[in-house]
Amino acid sequence: MKIRESHQVDLDYLVDIWYEASLDAHDFIAPNYWREQQVVMKEKYLPLSETYVISEGNGIVGFVSLVDDYLAALFIDVNVQGEGYGKALLNFVKDQRDFIQLTVYKKNQNAVDFYLKNHFSIKEQSIDHQTSEEEYVMHWIKN
């Protein structure tokens, strides 16, 4: 398992991981929403973020993206979820920050549980204006 900064050549693969994982984790949101976001993810969000990839052997299996202290994305290839890659990426960014904030859809119970298990706490609820779905704002503070 290796973590490194992402490169421009990784973008297509990262968008694929994001898209497939988003469809899998967010079955409560129409698939068209995710399809329509692919170009924006590739051309705007990922290039503007501090992004790290995790690889096993020769292939990327996931990534994490930060904008300052905001965890904007943490996605793992659906074929290897539950094998510790997400936790490894999260611990990697926790080593670099004293505070991390994120939002997660309330209905994405697996993600909510993952962040709670990794010492994040729910600070407030809000509504994602693009999807009209409820989401939690979660924080982690280094001890």
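See the structure shown above.
No experiment lies behind these values; they were computed from the predicted model shown.

Draft legend 1. Local environment of the packing of helix 1 (residues 11–25) against helix 2 (residues 31–48). Orientation of helix 1 relative to helix 2, taken along the N-to-C sense of each, is 145°, at an axis distance of 10 Å. The way helix 1 lies across helix 2 gives a crossing that is right-handed. Side by side, helix 1 and helix 2 meet where Leu11, Asp12, Leu14, Val15, Trp18, Tyr19, Ser22 and Leu23 of the first sit next to Pro31, Trp34, Arg35, Gln37, Gln38, Met41, Lys42, Leu46 and Pro47 of the second. Residues of the contact of helix 1 with helix 2, tallied by class, amount to 11 nonpolar, 3 polar and 3 charged.

Draft legend 2. Just the nonpolar core, in detail. Counting residues in hydrophobic clusters, the biggest one holds 23 residues, and the most contacted among them are Leu71, Val93, Tyr115 and Phe120. Elements with a contribution of two residues or more to this core: strand 2 (50–56), strand 3 (59–67), strand 4 (70–76), helix 3 (85–94), strand 5 (99–105), helix 4 (109–117) and strand 7 (133–141). Among residues more than four places away in sequence, those in contact with Tyr115 are Leu71, Leu74, Leu90, Leu102, Phe120 and Met138. Among the nonpolar cores identified, the runner-up in size contains 18 residues, and Val15, Ile17, Tyr33 and Val53 belong to it.

Draft legend 3. Spotlight on the pattern of salt bridges. Per the stated rule, a full pass over the model turns up 7 salt bridges. The closest approach of N and O atoms between Lys106 and Glu134, which form a salt bridge, is 3.7 Å. Separated by 28 residues along the polypeptide, Lys106 in the loop between strand 5 and helix 4 and Glu134 in strand 7 bring together distant segments of the chain. By relative accessible area, Lys106 is classed as partly exposed at 29%.

Draft legend 4. Molecular detail of the environment of Glu124. Positionally, Glu124 belongs in strand 6 (residues 121–128). A relative accessible area of 45% places Glu124 in the partly exposed class. Distance in space between the C-alpha atoms of Glu124 and Met138 is 7.3 Å, their sequence separation being 14 residues. In this structure, Glu124 is in contact with Glu135, Tyr136 and Val137, ignoring residues within four places of it in sequence.

Calculation criteria
- Residues numbered from 1 in each chain as written.
- Predicted model: local features only at pLDDT ≥ 70, side-chain atom pairs only at ≥ 80, totals over all residues.
- Heavy atoms only, no water.
- Axes fitted to C-alpha atoms, helices over the stretch in contact; angles between N-to-C directions.
- Helix = DSSP H or I, 4+ residues; strand = E, 2+ residues; numbered from the N terminus.
- Left-handed = near helix turned anticlockwise from the far one by under 90°.
- Contact = heavy atoms within 4.5 Å.
- Nonpolar A, V, L, I, M, F, W, Y, C, P; charged D, E, K, R; others polar.
- Core = buried A, V, L, I, M, F, W, Y, C linked by side-chain atoms within 4.5 Å.
- Buried < 20%, exposed > 50% of the residue type's maximum accessible area, 1.4 Å probe, protein only.
- Salt bridge = Lys/Arg side-chain N within 4 Å of Asp/Glu carboxyl O.

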